[in-house]
Amino acid sequence: MAKVVIISGSPTPTSRLHGVIEVAKSELLKAGLEVEWIKVRDIPAEDLLYAKFDSEAIVKANAHVAEADAVFVATPVYKASYTGVLKAFLDLLPQKGLDRKVVLPLAVGGTISHLLAIDYALKPVLSALGAQNILQGVYVLDKQVTWGDQGQAILDDEIADRLQESVTEFIQEIKWHTSR
């Protein structure tokens, strides 16, 4: 069974990003993929800030990434870029930690002005980590995500369609990659 790791760079436990990830995760599980979700905010801050490569939390998270066939990297957009907590974690991955992995970036932001944050901020770092198969990212506006009565994310039709299309492509790439 192919393995996917979701890396969430949101510093808050409940966010629109979290809701969008839940929608994508559901599709990955329906496709029969094994999914592990690394919520970077749950890694001790001291381990991240002091680059404690040998900390139990960092070693465990890095092992999940190493074992994965694919990585789904998700972040809110702060100051036209990905979050500092995500950067702190990515800095602790091995130099070629994303080599031979299918990668799908996703960002949630408040304005269309930050649409290129994926291409100009996140993708260069993913490439530096050895990722060669980086799919076109998905950018979601805050206003495209609302909350249902049960606390579930409700995506407007346009973003739901784009997310579905991207996740479907991600699944296809994973299956192709793991069948070789």
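Residues numbered from 1 in each chain as written. Predicted model: local features only at pLDDT ≥ 70, side-chain atom pairs only at ≥ 80, totals over all residues. Heavy atoms only, no water.

**Remarks on the UniProt feature "domain: NADPH-dependent FMN reductase-like" (unreviewed entry) in the protein chain**
As recorded in UniProt, the feature "domain: NADPH-dependent FMN reductase-like" (unreviewed entry) lies at residues 3-144. In this annotation, residues 3-144 is assigned 36% helix and 23% strand; the end-to-end C-alpha distance for the span is 29 Å. (UniProt positions renumbered as here; feature names shortened; annotations may be inferred. Helix = DSSP H or I, 4+ residues; strand = E, 2+ residues; numbered from the N terminus.)

**Some details on the nonpolar core**
In this structure, Val20, Leu28, Phe72, Leu106, Leu163, Phe170 and Ile174 are the most contacted members of the largest nonpolar core, which totals 30 residues. Among the elements of the structure, strand E1 (3-8), helix H1 (16-30), strand E2 (34-39), strand E3 (70-76), strand E4 (102-109), strand E6 (138-141), strand E8 (153-155) and helix H6 (157-179) are those that each provide at least two residues to this core. With six residues, the top contributor of residues to this core is H6. Among all residues touching Leu106, those that are not within four sequence positions of it are Leu17, Val20, Phe72, Val73, Ala74, Thr75, Ile118, Val138 and Leu163. Formed by 27 residues, the second largest nonpolar core is a distinct cluster that contains Val5, Ile38, Leu48 and Ala131. (Core = buried A, V, L, I, M, F, W, Y, C linked by side-chain atoms within 4.5 Å. Buried < 20%, exposed > 50% of the residue type's maximum accessible area, 1.4 Å probe, protein only. Contact = heavy atoms within 4.5 Å.)

**Description of the side chain of Ser10**
Tracing the chain through its elements places Ser10 in the loop between E1 and H1. At 3.3 Å, the side chain of Ser10 and the side chain of Thr12 are in polar contact. A polar contact is formed between the side chain of Ser10 and the side chain of Ser15, at a distance of 3.4 Å. Beyond its immediate chain neighbours, meaning those up to four positions away, Ser10 contacts Ser15, Leu17, Arg41 and Pro76. (Polar contact = N/O pair within 3.5 Å; in protein donor to acceptor, adjacent residues only side chain to side chain.)

**A closer look at the packing of H1 against H6**
Relative to each other, H1 and H6 sit at 40 degrees, their axes nearing to 10 Å. For the element pair H1 / H6, the angle class is oblique. Every pair of crossing elements has a handedness; the one defined by H1 and H6 is right-handed. Contact residues: Val20, Val23, Ala24, Glu27 and Leu28 in H1; Leu163, Gln164, Val167, Phe170 and Ile171 in H6. Of the residues assigned to the contact of H1 with H6, the class counts are eight nonpolar, one polar and one charged. (Axes fitted to C-alpha atoms, helices over the stretch in contact; angles between N-to-C directions. Parallel < 35°, antiparallel > 145°, perpendicular 65-115°, else oblique. Left-handed = near helix turned anticlockwise from the far one by under 90°. Nonpolar A, V, L, I, M, F, W, Y, C, P; charged D, E, K, R; others polar.)

**Comments concerning H1**
When the terminal C-alpha atoms of H1 are compared, their 22 Å separation across 15 residues agrees well with the 21 Å that a helix rising 1.5 Å per residue should span. Among the residues trailing H1, Gly32 stands out with phi positive, at a value near 85 degrees. (Expected span 1.5 Å × (residues − 1).)

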